[in-house]
Amino acid sequence: MSDKPQDQQSDQVEPQGVKKVSLADAIKAKLAQKQADQAAARANPKAAGNANQTAKSQMTKKVNNQRRRTGGS
């Protein structure tokens, strides 16, 4: 055994730069980031990119003919 107390030995197992964050704090931070992203997208919609894709027309949709190919009923 060593001369150090057990609580100091456990510090060596975890990386020194990592800080434990509670689940509530992580959710609050994620929500704040999401709201900031949405506000930025509203402020400049062209810079937001193709986050919102337009729906394709049903006229150009490729027909699924798997049942015909496999002989299903």
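Residues numbered from 1 in each chain as written. Predicted model: local features only at pLDDT ≥ 70, side-chain atom pairs only at ≥ 80, totals over all residues. Heavy atoms only, no water.

Chemist: Explain the overall build of the chain here, please?
Modeler: Looking only at helices and strands, the chain has three helices and zero strands in total. Taking all 73 residues of the chain together, the buried fraction comes to 0%. Summing over all exposed atoms, the chain offers an accessible surface of approximately 7800 Å²; the carbon and sulfur share of this is 52%. (Helix = DSSP H or I, 4+ residues; strand = E, 2+ residues; numbered from the N terminus. Buried < 20%, exposed > 50% of the residue type's maximum accessible area, 1.4 Å probe, protein only. Areas by Shrake-Rupley, 256 points an atom, 1.4 Å probe, with all protein chains shown as cover.)

Chemist: How do you make sense of the confidence of the model for the chain when you look at a structure like this?
Modeler: Chain-level statistics for the chain give a pLDDT mean of 77 and a share of 67% at 70 or above. For the chain, the element scoring lowest by mean pLDDT is helix 1 (residues 6-13), at 54; helix 2 (residues 23-43) scores highest, at 93. (pLDDT = per-residue confidence, 0-100.)

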